[in-house]
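Working through the structure, step by step
Given next are the chains, with one letter for each unit.
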Amino acid sequence: MIEKAFDFSGSGGAKILKIGFIGAGKVGSAMAVLLQKAGYQVVGVASRTKESAQAMAKLLDCPVLSKGDVARRSEVLFLTTSDDAIGHVAEEVASDGAFYSGQVVLHMSGAHTAQLLDAAAKQGAITLSLHPIQSFASVERAIELIPGTYFSIEGDDRGYDLAIKMVEDLGGNHFMLDSESKVLYHAAASVSSNYLVALLDTAMKLLAEAGVPEELRLAAFLPLVTGTLENVKKLGIPKALTGPISRGDCGTVKKHLQAMEDLPQLASAYQILGLATVDTAINKGTISEEQAKALRSLLADHWHGMH
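Quantities reported herein were computed from a predicted structural model and do not represent experimental measurements.

Points about the sheet that holds strand S7 (residues 173-176)
- With mixed pairing, seven strands are arranged side by side in an open sheet as S2-S1-S3-S4-S5-S6-S7. Taken across any chain shown, the strands that pair with only one partner, and hence form the sheet edges, are strand S2 (41-46) and S7. Neighbour to neighbour, the strand axes of the sheet diverge by 25° on average, direction disregarded.
- Examined bridge by bridge, strand S6 (residues 150-155) and S7 share four bridges and lie parallel to one another. Residue pairing in the sheet places isoleucine 153 in a bridge with methionine 176 of S7.
- Lying on the sheet, helix H2 (residues 50-60) is in contact with strand S1 (18-22) and S2; it crosses S2 at an angle near 165°.

The following block contains the structure:
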């Protein structure tokens, strides 16, 4: 039974865990490959389409099975479908009576808690969410990036030891997350990754307005972005902050805003981020409360004037 899988103290006597995957996307495929390399036994995969299941099974040299059969054979079952499908798949497997007491069932969604797996919990399974804080563009990139990535672990505390062991076997890091904090946590992940892309898109639009040739825009500014990220990595926030707001330079900020008077959408993004940057500059200690007040007034006045 699964209880033995939680005993990791034995040297050489550790049980090989049987794991299965329902969902053959980038993250599921990469996790399966890495866990298999770490010594876990992948007993089978299932997916919405036959093609994706076969591609994943070929990668792992394991069988394609029905969802119920994957669940029945797995001591640890990963539901790595799209977020929208996780709950439905859990209910489908439950209606087949394929979950069992002591089995660990987990999903890897950042937005949802382990409660999405209630159908499995009702049949005695230990349910968790295990979310990698990383952006995966492909299976290959996911395999490269998962080692060293942080994972949040949330759900039934009976499964924590196993989840931590799997993350460590993947070469990752972890922290525990309360269920009620999951939505704000996911918002932070969206801001860190998705909004960063949108922020760069905004910068590219400003460069287009400035007449910089398209083929040069990203090439010219990417070193600035990567250099800033390196500064954040070495110095942390807020020490990595530079620029006019960190110096309390109202004159430059005013010129920026004036140049964007006919570009309301870009100006709005500039102002909202500018107001956030004032707070960062205060935390850095490079501007006074008086300078902060002047900057906030300048940014907010332009904001209200355009809305």
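Resuming the write-up.
Digging into the packing of helix H1 (residues 26-37) against H2
- Look at H1 against H2: their axes get within 10 Å of each other, and the N-to-C directions meet at 20°. By the angle between their axes, H1 is roughly parallel relative to H2. At the point where H1 passes H2, the crossing takes the right-handed sense. Here Gly28, Ser29, Ala32, Val33 and Gln36 of H1 come into contact with H2, specifically with Met56, Leu59 and Leu60.
- Residues of the contact of H1 with H2, tallied by class, amount to five nonpolar, three polar and no charged.

Quick notes on the packing of helix H8 (residues 182-209) against helix H12 (residues 264-284)
- Running from amino to carboxyl end, H8 crosses H12 at an angle of 130°, the nearest separation of the two axes being 10 Å. Taken as axis vectors, H8 and H12 run oblique relative to one another. Here H8 runs over H12; the crossing is left-handed. Listed contacts from H12 to Leu199, Thr202, Lys205, Leu206 and Glu209 of H8 are Leu266, Ala269 and Leu273.

Here's the deal with the nonpolar core
- Core analysis: the biggest nonpolar cluster contains 36 residues, and Phe21, Met31, Leu35, Val76, Phe78 and Leu106 have the highest contact counts within it.
- Here the element with the most residues in this core is H1; it accounts for six residues.
- Discounting residues that sit within four places of it in the chain, phenylalanine 78 has contacts with Ile19, Gly20, Phe21, Ile22, Met31, Leu35, Leu106, Met108, Leu130 and Met166.
- Within the second largest apolar cluster, 19 residues are counted, among which are Ala46, Ala90, Ala94 and Ala120.

Cut-offs used in this document
Residues numbered from 1 in each chain as written. Predicted model: local features only at pLDDT ≥ 70, side-chain atom pairs only at ≥ 80, totals over all residues. Heavy atoms only, no water. Pairing = 2+ DSSP bridges. Helix = DSSP H or I, 4+ residues; strand = E, 2+ residues; numbered from the N terminus. Axes fitted to C-alpha atoms, helices over the stretch in contact; angles between N-to-C directions. Contact = heavy atoms within 4.5 Å. Parallel < 35°, antiparallel > 145°, perpendicular 65-115°, else oblique. Left-handed = near helix turned anticlockwise from the far one by under 90°. Nonpolar A, V, L, I, M, F, W, Y, C, P; charged D, E, K, R; others polar. Core = buried A, V, L, I, M, F, W, Y, C linked by side-chain atoms within 4.5 Å. Buried < 20%, exposed > 50% of the residue type's maximum accessible area, 1.4 Å probe, protein only.

Remember, this is a structural readout, not a statement about activity or role.
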